[in-house]
Amino acid sequence: MDIFSGLLSGFQIVFQPVNFLYCFAGVFIGTLIGVLPGIGPTGAMAMLLPTTFGLSPVSSLIILAGIFYGAQYGGSTTSILVNIPGEASSIVTTLDGYQMARQGRAGPALGIAAFGSLIGGTFSVIGLMFLALPLAEIAVAFGPPEYFSLICLTMILSVYLSRGSLFKSFIMIITGLILSTVGMDPISGKTRFTFGCGTLIDGIGLVPAAMGLFGISEVLMNLEESLERVIFKAKIKNLLPNLEDWKKSIGPISRGTLLGFPLGILPGGGAIIASFVSYALEKRISKTPERFGHGAIEGVAGPETANNAAAGGSFIPVLALGIPPNVVMAILMGALIINGITPGPLMLNQYPEVFWGVVASMYLGNIILLLLNLPLIGLWVKLLKVPYRILMPLILLFCLIGSYSLNNNVVEVIIMIIFGVAGYVLRKFDFEVAPLMVAFILGPIWENSWRQSLVMSDGKFSIFLEKPISLVTLAVATLVIINALIKYYRKKKRRFIFE
Amino acid sequence: MSQSRIIVSLFWIGLGVFVMIFSYKLGLGRFSNPDSGLMSFLLGLILVLLSLYSLVISLLKKSGEEGPPKEARSQTNYGKIALVLVALVMYSFILEKLGFVITTWIFLFLLFRSMGNRWITTLIGSTFTVLATYLVFTFFGVRFPPGIFR
């Protein structure tokens, strides 16, 4: 199927009333999640996963994807108006966005964030369309050795690119892989680490684990501090940026698009890293860097474009290869697997309607988001005021219902609570839980491809070096490790001299 | 700081050893022909080695110098956290006995009230939420335990 007819069929799917509704619902919930405190897109997607089981695969993907990129829009609203990022990828937007709001320019800040998001989002969908298909065509020839090496590289890169300590991220990856071995071994049929619990024979469920780590533990973290917000009280007017604003923003928006898209494809931070890199870049090349942090519109336009461009880019590895680059995509992939579709190169041939439907829904969703966020900004500002003491019990209830209704099994609720406590303790000790989740999803594929490769080669490890793609991937992975070690020792040395 | 790092390292070492023991029991096979336990055994081993390295570093630091003075602990609201956890655990234990409607109502009432909402908000909020979620989720085909309404 060529791109034109594929896209046409995609739009036919999206404009079916049901799917249109799901697209709308997805981006609406996404914006809501972005605006509300205490719950991010990962937790929200995990919470809503059970309600999508009854839908067709394409519908469930449309709604989940909508939540993801919708949250990027909503997150910027709180950054600008309240100085609290609704979402990790809007952290940098607080620097200049909130300052603009204080200077009475909340309108243009919100406006340029929305337009930048639309432009970045739309171009990244175009990129996704043109890149995913050729990549999938190459990837059809991939066997277990290639998958083993690619997943190695994905995990190493996600450690390397993580924000916190490399050491801690690495421990999280290992823990995620260990957790992924729980349940029946698909090759020998032995059960591992179930300790007599029947529910664990199929492995630890994705939904209770994700809800615990990203829903419950988030609530527990928020309970520590009061989340009373000081909302900017000025009237929001002139949502459309003027000519001067556009002149200043057009450079940051185009650079943000070009920068965000490839960064989204890379494993690890995705949208978060893209927004930080874009901000740093704009500040560096600006002729008046001193304006940054005091309400420079470039500091809003660049990062807000970059994070949406990255959101689109991150769909490529999961749709074309079946390897999720970040935790949100890992949950999306889990949704596909539960629907009986294995994401990856074969999916594009077997279920083209899923791919094209989602791509088309992203064009549509980005436009709906612009309409939702600009004319209806007042509604979101009202929702900003919902106090956490009302929200918190509701978030917990949704987690409880979500984990129970999967299989009507209380054990899954208990698993969720355990993961919630574990996630809370890990966060307290500065361990990031996102790499754990990525490794948890990739673990079974990784182990199987390892063991299948060895069966193929009669137990010879040279198979990983004989296949050219696998060899190159492993070489890159090795280089990344060497680079990380050099950096680590330099830092140690410098600290030693300093002391 | 250093103290907590030692405890954390010890925890990961413990977890790693635990995983290694159970993986060994599952059967390791050979490198060229791995059995069910080999991967988790190796992962456990990496975990132990990494944490040992971290432990040694923190111990060396500690014996060398006293380390920075203890940071003033910020006021953490452990009471509320404990309350939420107890509520969650209680919910999962009584859900199938009392049924969705009653259990959820008690759960919400308790949390709304203890978060500092007024009585009237608590009462209306929990009643409305129970009814709304029951209707919406039943509409989507979710079956809740009927409990005593059987």
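Enquirer: How should the overall build of chain A be read in this particular structure?
Expert: Within chain A one finds 22 helices and two strands. What you see for chain A is a C-alpha radius of gyration of 22 Å, in line with the 23 Å of a compact globule of 499 residues. Each of the three principal axes of chain A carries a C-alpha extent, and together these read 70 × 55 × 55 Å. In chain A, buried positions account for 59% of the 499 residues. Within chain A, contacts between residues at least 6 apart in sequence are counted, and of these 79% link residues at least 24 apart.

Enquirer: I keep staring at the nonpolar core and nothing clicks. Help me out?
Expert: The tendency in soluble globular proteins is for nonpolar side chains to be buried as a group. Counting 185 residues, the largest nonpolar core has Leu332(A) and Met437(A) as the members making the most contacts within it. Sort the elements by how many residues they give to this core and helix 6 (residues 106-139) of chain A lands first, with 15 residues. A domain split of this core shows at least three residues from each of domain 1 (2-64) and domain 2 (78-149) of chain B. Excluding residues that lie within four positions of it along the chain, Met437(A) makes contacts with Gly176(A), Ala210(A), Leu213(A), Val327(A) and Ala330(A).

Enquirer: Can you help me understand the packing of helix 18 (residues 388-405) of chain A against helix 4 (residues 100-114) of chain B in this one?
Expert: Relative orientation and spacing of two packed helices are given, respectively, by the angle between their axes and the distance between those axes. Direction vectors running N to C along helix 18 of chain A and helix 4 of chain B enclose 150°, while the axes themselves pass 9 Å from each other. Here helix 18 of chain A is positioned roughly antiparallel relative to helix 4 of chain B, judged by the angle of their axes. Of the two elements, helix 18 of chain A crosses helix 4 of chain B, and the hand of that crossing is right-handed. Mapping the contact onto sequence places Pro393(A), Leu396(A) and Leu397(A) in helix 18 of chain A and Thr104(B), Leu108(B), Leu111(B) and Phe112(B) in helix 4 of chain B.

Enquirer: Whenever I open this one, the interface of chain B and chain A confuses me. Can you help?
Expert: Quite often, the size of an interface is put as the accessible area lost when its parts meet. At the junction of the two partners, chain B supplies 46 residues and chain A supplies 40 residues. Within the residue set of the side of chain B that touches chain A, elements represented by two or more residues are helix 1 (2-26), strand 2 (33-34), helix 2 (38-64), helix 3 (78-98), helix 4 and helix 5 (119-139) of chain B. Top contributing element to the side of chain B that touches chain A by residue count: helix 3 of chain B, with ten residues. Grouping the amino acids of the side of chain B that touches chain A by side-chain chemistry returns 25 nonpolar, 17 polar and four charged.

Enquirer: Help me understand the confidence of the model for chain B, please; the structure alone is not making it clear to me.
Expert: Residues and elements named next belong to chain B. Across chain B, the average pLDDT comes to 85, with 89% of residues at 70 or higher. Note that residues 66-73 has pLDDT below 50 and, in this model, five contacts with residues that lie over four places away or in other chains. Scored as a complex, the prediction yields pTM 0.88 and ipTM 0.91.

Enquirer: How should I be thinking about the environment of Val219(A) in this particular structure?
Expert: Checked against the element boundaries, Val219(A) lands in helix 9 (residues 206-224). Sequence separation of Val219(A) and Pro343(A) is 124 residues, and the distance between their C-alpha atoms is 32 Å. Apart from the residues within four sequence positions on either side, Val219(A) is in contact with Gly38(A), Met392(A), Ile395(A), Leu396(A) and Val84(B).

Enquirer: It is not clear to me how the packing of helix 14 (residues 327-338) of chain A against helix 20 (residues 434-456) of chain A should be interpreted in this structure. Could you clarify?
Expert: All names here are of chain A. Direction vectors running N to C along helix 14 and helix 20 enclose 30°, while the axes themselves pass 9 Å from each other. The handedness of the crossing between helix 14 and helix 20 is left-handed. When helix 14 is examined against helix 20, the residues Val327, Ala330, Met333 and Gly334 are found in contact with a partner set consisting of Ala434, Met437, Val438 and Ile441. A breakdown of the residues in the contact of helix 14 with helix 20 according to their chemical character gives seven nonpolar, one polar and no charged.

Enquirer: I'm lost on helix 11 (residues 271-285) of chain A in this one. Help?
Expert: Since the α-helix packs 3.6 residues into each turn, any two residues three or four apart lie on the same face. All names here are of chain A. Between the first and last C-alpha of helix 11 there are 21 Å, a value that for 15 residues agrees with the 21 Å anticipated at 1.5 Å per step. Among the residues of helix 11, Ala271, Ile272, Ile273, Ala274, Ser275, Val277, Ser278, Tyr279, Glu282 and Lys283 are the ones counted as buried. On its buried face, helix 11 sits against helix 4 (57-82), helix 10 (243-265) and helix 12 (298-313).

How each quantity is defined
Each residue is numbered by its place in its chain's sequence as written, counting from 1. All chains are assigned letters beginning with A, and all ligands numbers beginning with 1, in the order in which they are written. Under the rules for a predicted model, residues below a pLDDT of 70 receive no local features and side-chain atom pairs below 80 are neither given nor counted, while totals for whole chains, interfaces and linings still include all residues. The secondary structure listing takes helices from DSSP runs of H or I that are at least 4 residues long and strands from runs of E that are at least 2 residues long, numbered from the N terminus. A radius of gyration in this sense is built from C-alpha atoms; the matching globule rule multiplies 2.2 Å by the number of residues raised to 0.38. Put simply, a residue is buried when 20 or more other C-beta atoms lie within 10 Å of its own C-beta and exposed when 12 or fewer do; between those, it is partly exposed, and each C-beta is set from the backbone. Here contacts are defined at the residue level, using C-beta atoms placed from the backbone and a cut-off of 7 Å between them. What we call a nonpolar core is a set of buried Ala, Val, Leu, Ile, Met, Phe, Trp, Tyr and Cys residues whose membership is set by joining through C-beta atoms within 7 Å. Domains are outlined according to an automatic or database domain assignment. Fitted lines through C-alpha atoms give the axes, limited to the stretch in contact for helices. The angle between two N-to-C directions lies from 0 to 180 degrees. Our angle categories are set so that under 35 degrees counts as roughly parallel, over 145 as roughly antiparallel, 65 to 115 as roughly perpendicular, and the remainder as oblique. For a crossing to be left-handed, the near helix must be turned anticlockwise from the far one by less than a right angle; the clockwise case is right-handed. Three classes are used, and their members are as follows: Ala, Val, Leu, Ile, Met, Phe, Trp, Tyr, Cys and Pro are nonpolar, Asp, Glu, Lys and Arg are charged, and the others, Gly among them, are polar. Per-residue confidence from the predictor is reported as pLDDT, which spans 0 to 100. By this rule the span expected of a helix is its residue count minus one, scaled by 1.5 Å.

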